[in-house]
Amino acid sequence: MNRILSLTVSALLTLGLLTGCGGDPTPTPTAASGDKDSVVIAMGTTSEPEAGFDPAYGWGAGEHVHEPLIQSTLTVTNTDLTIGYDLATDVQASEDGLTWTVKIRDDVSFTDGEPLTASDVAFTYNTVKAASSVNDFTMLDHAEAVDDTTVVFHMATPFSIWPYTMAIVGIVPEHVYDPATYGQNPIGSGRYILKQWDKGQQVILEANPDYYGEAPKLKRVTILFMEEDAAFLAVQAGQADVAYTSAIYADQSVAGYTLASYQSVDNRGFNLPVIEGTLTGDVLVRRAINIGIDRQEMIDNVLGGYGTPAYSVCDQLPWYNPASEVSYDPEGAAALLDQAGWTMGSDGVREKDGVKAQLNLLYPTSDPVRQALCADFANQLGELGISCTTEGVGWDTAYDRAQTEPLIWGWGAHTPMELYNIYHTIGDTGAAQYSPYANSAVDAYMDQALACSDLEESYELWQKAQWDGSTGVTQEGDIPWVWLVNVDHLYWVRDGLQVAEQKIHPHGHGWSIVNNVDQWSWS
């Protein structure tokens, strides 16, 4: 059904017959019209924000974190994932980490002409704290506007990485905000204005003529929401200037287009449940698995060469610890398994005390790439003498099943909180949230990192949580997860379009590509 619908949409696009809610036809793409001030971009259907363009209901946040474009943010992430300023002119944290004082610009107005003040900032944060089901704001007690250009965040608990949260929360206007309607008709102060939203089809953004920063080079941005096969047909028909794709189409060529590859921290990896008495409960087995996997083989054979080896959930980010990296060493892996008492049987499967070395590996049925990686992982473990079966599961049961069985996950975010969410014990459960694991030293480093009053100093503590020389979550430590690959994000780009330098993409193949669309240009 999806394929039929996709092809139908693509055919309509090709003929120029797809109309929006107001009856206007889909705009003729840039190159066809000769318009050098606009661009047409095809994204996946899951990139369309279900709740609209309201930061309180997930716009700019959640799994597919990106800059909200329509709204301004207090901070931004630079291309190296350090923090820069947008509305903010100064950010200071108290020594105890319980107060953040932010000074903002005094020359910013919303697109309805009303000035943006600290009251709007405080209102936004108090609103998202109360309403957001996508982002966690439990660390914030409340926000307070001290004067028109000063907002103070009173924290419930120290949170050193607050600047990363400030980079994704778009500021909304207190004077007209209505949660029932704002997502459909947002008013902001960002680089672009929402001109049109034809649900299920497209979004049209137009440059904000009163934007306080550098004027966008592209004045009109059209986002088409399409299945991957339809996006490829749209490129073949010249109906899109940029279109997402995957390794499935990477061996194709399209006249007038180049296949662009952008590095990501969109990683894939397996949890290895640390349960005493089980195969993965033995740290030597987990270490053997980690060095016994040929990651480059996976990249070449599953991803078509478009990826990088993954050694952690945060490769290349400022808080990454290089001690996570390992070399492929099947002989060393075999020696570790021997040391653990798992000896090779005559059938090629290792045994210990009469028990076969067996694992059932889970993958989400909705993701064929993860399924292929899961099969490859199973084959490689088989060469080590660990017999594996694979099983597709839905997300309705996957989280529970992962408490006892390895599941292939996708992670990768522009915040160190990803480390916390994966490795830190939750409440009084005595275990991490997604897979059984606990290490009090790892917890302590992450707690210290969050309580640190200096963001850059906190990076070292996050790195020590990964490995401090004696304990951690890397190869010489507990290795409760094994990371496989970072998936490159692939796009067809029309010749002549200059896509601005991309920061490393997070998990999710969507809006990240247009974080800096205002800086794109045509040659």
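Note that this is a predicted model, so its numbers are computed, not measured.

Draft legend 1. Representation of the sheet that holds strand S9 (residues 202–207) in the model. Strand order in this open sheet of seven strands is S8-S9-S10-S1-S11-S22-S12, and the pairing throughout is mixed. The two strands at the open ends of the sheet, each matched to only one other strand, are strand S8 (192–198) and strand S12 (257–262). This sheet shows a mean twist of 20 degrees between the axes of neighbouring strands, independent of strand direction. Bridge count between strand S11 (residues 242–245) and strand S22 (residues 489–494): four bridges; the pairing is antiparallel. When the sheet's bridge partners are listed, Tyr244 is paired in S22 with Tyr491. This element, helix H5 (residues 228–236), spans strand S1 (38–43), S11, S12 and S22 of the sheet and lies at about 145 degrees to S11.

Draft legend 2. Main features of unusual backbone geometry. Positive phi is not limited to glycine here, since Leu69 has a value of about 65 degrees. Here Leu69 lies in the loop between S1 and strand S2 (75–77). Positive phi, normally seen in glycine, also occurs at Leu81, with a value near 70 degrees. Structurally, the position occupied by Leu81 is in the loop between S2 and strand S3 (83–85).

Draft legend 3. Layout of the sheet that holds strand S7 (residues 150–155). Across the sheet, which stays open at both edges, the four strands sit in the order S4-S5-S7-S6 with antiparallel pairing between neighbours. Bordering the open sheet on either side are strand S4 (88–93) and strand S6 (140–147), each of which pairs with just one other strand. Strand-to-strand twist across the sheet, computed as the mean angle between neighbouring axes with direction ignored, equals 20 degrees. Each of strand S5 (99–104), S6 and S7 touches helix H3 (residues 118–131); the most contacted strand, S6, lies at about 170 degrees to it.

Draft legend 4. Spotlight on the layout of surface pockets. As a volume, the second largest pocket reaches approximately 550 Å³. Lining the second largest pocket are 33 residues, and of these Glu67, Val76, Arg191, Asp518 and Gln519 lie nearest its centre. Broken down by class, the residue content of the lining of the second largest pocket amounts to nine nonpolar, 15 polar and nine charged.

Draft legend 5. View of the packing of aromatic side chains. The full count for this structure, using the stated rule, is 28 aromatic pairs. Summarising the aromatic geometry, the rings of Trp409 and Tyr434 are spaced 5.4 Å apart at their centres and angled 70 degrees between planes, so their arrangement reads as edge-to-face. On the criterion of sequence distance, the pair formed by Trp409 in strand S20 (residues 408–411) and Tyr434 in the loop between helix H11 (417–423) and helix H12 (440–451) is long-range, its members being 25 residues apart. Grouping residues by exposure puts Trp409 and Tyr434 together as buried. Judged by centre distance (6.3 Å) and plane angle (80 degrees), the ring pair of Trp411 and Trp481 falls under edge-to-face. One end of the pair, Trp411, is in strand S20; the other, Trp481, is in strand S21 (residues 481–487), with 70 residues separating them in the sequence. The exposure classification of Trp411 matches that of Trp481, with both residues buried. Members of the aromatic cluster, each reached through a chain of ring pairs, are Trp395, Tyr399, Trp409, Trp411, Tyr434, Trp481 and Trp483.

Cut-offs used in this document
Residues numbered from 1 in each chain as written. Predicted model: local features only at pLDDT ≥ 70, side-chain atom pairs only at ≥ 80, totals over all residues. Heavy atoms only, no water. Pairing = 2+ DSSP bridges. Helix = DSSP H or I, 4+ residues; strand = E, 2+ residues; numbered from the N terminus. Axes fitted to C-alpha atoms, helices over the stretch in contact; angles between N-to-C directions. Contact = heavy atoms within 4.5 Å. 1 Å grid on protein atoms, 1.4 Å probe; cavity = no way out; pocket = protein on both sides within 12 Å on 5 of 7 lines; lining within 4 Å. Points joined across faces, edges and corners; volume = space filled by probe spheres on them. Nonpolar A, V, L, I, M, F, W, Y, C, P; charged D, E, K, R; others polar. Phe/Tyr/Trp six-rings, centres within 6.5 Å; stacked < 30°, edge-to-face > 60°. Buried < 20%, exposed > 50% of the residue type's maximum accessible area, 1.4 Å probe, protein only.

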